Amino acid sequence: MSRNLLRNPSGEEQLEFWELTENGGSQWKVEEMPGDCGHDFCMDGVAKYFATSFELCLKRQVIDLLAEGYTSDQLDAQPAVSVEDWYCARTDCGCTYELTVSLLDENQEVLQEFKPEPVTLDPDSDDCSWKQVSHTFSDYGPGMRFISFEHGGQDAKFWDGWYGVRVTGSSVTVEV
């Protein structure tokens, strides 16, 4: 089984290992499941999540694959790269969620990118419980040496505090 290359994917170590690329509003915060106006999570072992605020909050990790023990030959064989993320909204406030995952070469130039359209959740009309987004990269050519994983969002009502999208359980695996 492949190992998750993201460190601290569910906030067990607060914001350790994450680069806060956008930290707006009341800034990122780690909360305990299920949280105020929240939803139970569907997998054992995940007890916390990252909460966003009323201005854009994005956080990122860049994974150095050679430093993680992969060889150039293994990476140039274009192994499948699988990405998963979980997000939800509160029951009292809408939000937006976004995700960008990029496979990068040695100069950190993009080889291939997964960037779905931002998701808007409205508790008056949408199921705002935990949802999974996943993607598998393939046929991206030789040269991958880094993976950038960035996600986040904000609330839709500009309420002070942590009413924005919640994210947890993120993973990036390389199938070698």
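The preceding data block contains the structure.
A brief structural summary. The shown structure was predicted, so the numbers you read here are calculated from the model rather than taken from an experiment. (Residues numbered from 1 in each chain as written. Predicted model: local features only at pLDDT ≥ 70, side-chain atom pairs only at ≥ 80, totals over all residues. Heavy atoms only, no water.)

Description of the packing of aromatic side chains
Link 1 in the chain: Evaluated as defined, the whole model comprises 8 aromatic pairs.
Link 2 in the chain: Looking at Lys-59, its charged tip hangs above the ring of Trp-18, at a distance of 3.2 Å from the centre.
Link 3 in the chain: Stacked on the ring of Phe-50, the Lys or Arg Lys-59 has its end atom at 3.7 Å from the ring centre. (Phe/Tyr/Trp six-rings, centres within 6.5 Å; stacked < 30°, edge-to-face > 60°. Lys NZ or Arg CZ within 6 Å of the ring centre and 35° of its normal.)

Regarding unusual backbone geometry
Link 1 in the chain: Cis geometry is found at the peptide bond from Met-33 to Pro-34, where omega equals -10°.
Link 2 in the chain: The topology assignment puts Pro-34 in the loop between β2 (29–32) and β3 (48–51).
Link 3 in the chain: The backbone of Gln-14 shows a phi angle near 55°, a positive value even though the residue is not glycine.
Link 4 in the chain: Relative to the elements of secondary structure, Gln-14 occurs in the segment before β1 (19–23).
Link 5 in the chain: Phi is positive for Gln-27, which is not a glycine, with a value near 75°.
Link 6 in the chain: Residue classification places Gln-27 among the partly exposed positions, given a relative accessible area of 39%. (Helix = DSSP H or I, 4+ residues; strand = E, 2+ residues; numbered from the N terminus. Buried < 20%, exposed > 50% of the residue type's maximum accessible area, 1.4 Å probe, protein only.)

Observations concerning the sheet that holds strand β5 (residues 80–88)
Link 1 in the chain: With antiparallel pairing, the 5 strands of this open sheet are ordered in space as β2-β3-β11-β5-β9. This sheet does not close on itself; its edge strands, each paired only once, are β2 and β9 (131–137). Here the strands of the sheet are splayed against their neighbours by 35° on average, with no regard to which way each runs.
Link 2 in the chain: Taken together, the 7 bridges between β5 and β9 define a ladder with antiparallel strand orientation. Pairing of Tyr-87 across the sheet is with Lys-131, part of β9. (Pairing = 2+ DSSP bridges. Axes fitted to C-alpha atoms, helices over the stretch in contact; angles between N-to-C directions.)

What to know about the pattern of salt bridges
Link 1 in the chain: Overall, the coordinates contain 8 salt bridges when judged by the stated rule.
Link 2 in the chain: Across the pair Glu-31 and Lys-29 runs a salt bridge whose closest N-O atoms are separated by 3.9 Å.
Link 3 in the chain: With relative accessibility at 15%, the residue Glu-31 sits in the buried group.
Link 4 in the chain: We note a salt bridge from Asp-92 to Arg-90, for which the minimum N-O separation is 2.8 Å.
Link 5 in the chain: For Arg-90, a relative accessible area of 6% translates into the label buried.
Link 6 in the chain: Linked by salt bridges that have partners in common, Lys-29, Glu-31 and Arg-166 make up one network. (Salt bridge = Lys/Arg side-chain N within 4 Å of Asp/Glu carboxyl O.)

A look at the side chain of Asp-105
Link 1 in the chain: Mapping Asp-105 onto the fold places it in the loop between β6 (95–104) and β7 (110–114).
Link 2 in the chain: For the buried residue Asp-105, which engages in no salt bridge, the nearest side chain bearing the opposite charge is Arg-145, 8.9 Å off.
Link 3 in the chain: Within the local environment of Asp-105, its side chain forms a polar contact with the backbone nitrogen of Asn-107, the two atoms lying 2.9 Å apart.
Link 4 in the chain: Apart from the residues within four sequence positions on either side, Asp-105 is in contact with Leu-111, Gly-143, Arg-145 and Phe-146. (Lys, Arg positive; Asp, Glu negative; His and termini not counted. Polar contact = N/O pair within 3.5 Å; in protein donor to acceptor, adjacent residues only side chain to side chain. Contact = heavy atoms within 4.5 Å.)

Quick look at the side chain of His-39
Link 1 in the chain: Structurally, His-39 is set in the loop between β2 and β3.
Link 2 in the chain: Here the side chain of His-39 touches Cys-128 through a polar contact of 3.2 Å, landing on its backbone oxygen.
Link 3 in the chain: Setting aside residues no more than four positions away along its own chain, His-39 makes contact with Met-33, Pro-34, Cys-88, Ala-89, Thr-91, Cys-128, Ser-129 and Trp-130.

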